[in-house]
Amino acid sequence: VDLVESGGGLVQPGNSLRLSCAGSGRPFRFNVMGWFRQVPGREREFVAAISRTGDSTNYADSVKGRFNISRENANVMHLQMNNLKPEDTAVYFCAARKGFSVAAVGSTYFDYWGQGIQVTVSS
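A brief report on the enclosed structure follows. (Residues numbered from 1 in each chain as written. Predicted model: local features only at pLDDT ≥ 70, side-chain atom pairs only at ≥ 80, totals over all residues. Heavy atoms only, no water.)

Here we come to the packing of aromatic side chains. Inspection of the entire model under this criterion finds 5 aromatic pairs. Seen from their ring centres, Phe 36 and Phe 110 are 5.1 Å apart, and the 80° between their planes marks the pair as edge-to-face. Linking Phe 36 in strand β4 (residues 32-38) with Phe 110 in the loop between β9 (90-97) and β10 (112-113), this pair joins segments that are 74 residues apart in sequence. Accessibility assignment for this pair places Phe 36 and Phe 110 in one class, buried. Clustering of aromatic rings is evident, with ring pairs tying together Phe 36, Phe 46, Phe 110 and Trp 113. Sitting above the plane of the Phe 93 ring, Arg 44 keeps its charged end 3.7 Å from the centroid. The ring of Trp 113 carries the charged tip of Arg 44 above its face, separated from the ring centre by 4.9 Å. (Phe/Tyr/Trp six-rings, centres within 6.5 Å; stacked < 30°, edge-to-face > 60°. Helix = DSSP H or I, 4+ residues; strand = E, 2+ residues; numbered from the N terminus. Buried < 20%, exposed > 50% of the residue type's maximum accessible area, 1.4 Å probe, protein only. Lys NZ or Arg CZ within 6 Å of the ring centre and 35° of its normal.)

Okay, structure coming up:
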């Protein structure tokens, strides 16, 4: 398994949750790391991405100002999710790519994937 997510769960609207992603194996494969999410019946959608050094980030409009992506090291990434809304409910996937651009937001650009973790926002 290349990537493993942790930190999901059930949270009330307006609260926060922090997801983590840990990669294994050769770290230089994970130049860009990112998060996607998916709900049943819909395509997997881009959430956020971060460069290897952490100096470049990209966010979907729906999460700007509420989510923050960070890079701990070559293999570990976090997603701080604040002011969560019911529409944030989804399975969240960690992803990584060998390329260097955070602007590539399509899922086909990513080479490695985690198994996914459920995030449910509900009162």
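The next subject is the pattern of salt bridges. Between side chains of opposite charge, pairing is possible as soon as their charged atoms come close. Tallied over the full model, the rule gives 4 salt bridges. Between Asp 61 and Lys 64 there is a salt bridge; the shortest N-O distance is 3.2 Å. Lys 64 shares its class with Asp 61; the two are exposed. Linking Asp 88 and Arg 66 is a salt bridge whose minimum nitrogen-to-oxygen distance equals 2.8 Å. With Asp 88 in the loop between β8 (76-81) and β9 and Arg 66 in the loop between β6 (57-59) and β7 (67-71), the pair connects residues that are 22 residues apart, well separated along the chain. With respect to burial, Asp 88 and Arg 66 carry one shared label: buried. Each member of the salt-bridge network shares a partner with another, and the members are Arg 37, Glu 45, Arg 66 and Asp 88. (Salt bridge = Lys/Arg side-chain N within 4 Å of Asp/Glu carboxyl O.)

Moving on, we get to the pairing of strand β5 (residues 45-50). For β5, the buried fraction is high: 5 of the 6 residues fall into the buried class. As paired elements, β4 and β5 share 5 bridges and run antiparallel to each other. The partner of Gly 34 across the bridge, within β5, is Ala 49. As paired elements, β5 and β6 share 3 bridges and run antiparallel to each other. Following the sheet pairing, Ala 49 is matched in β6 by Asn 58. What sits between the antiparallel neighbours β5 and β6 is a turn of 6 residues, in which Gly 54 has the positive phi angle 85°. (Pairing = 2+ DSSP bridges.)

In this section: the state of the cysteines. Following the criterion strictly, the structure yields 1 disulfide and no others. Each sulfur in the disulfide pair Cys 21 and Cys 94 lies 1.8 Å from the other. One quick way to see it: the torsion about the S-S bond of Cys 21 and Cys 94 is about -70°, and its sign makes the bridge left-handed. Of this pair, Cys 21 sits in strand β3 (residues 17-23) while Cys 94 sits in strand β9, and the two are 73 residues apart along the sequence. Each member of the pair, Cys 21 as well as Cys 94, carries the same accessibility label: buried. (Disulfide = S-S within 2.5 Å.)

These values are about where atoms sit, not about what they do.
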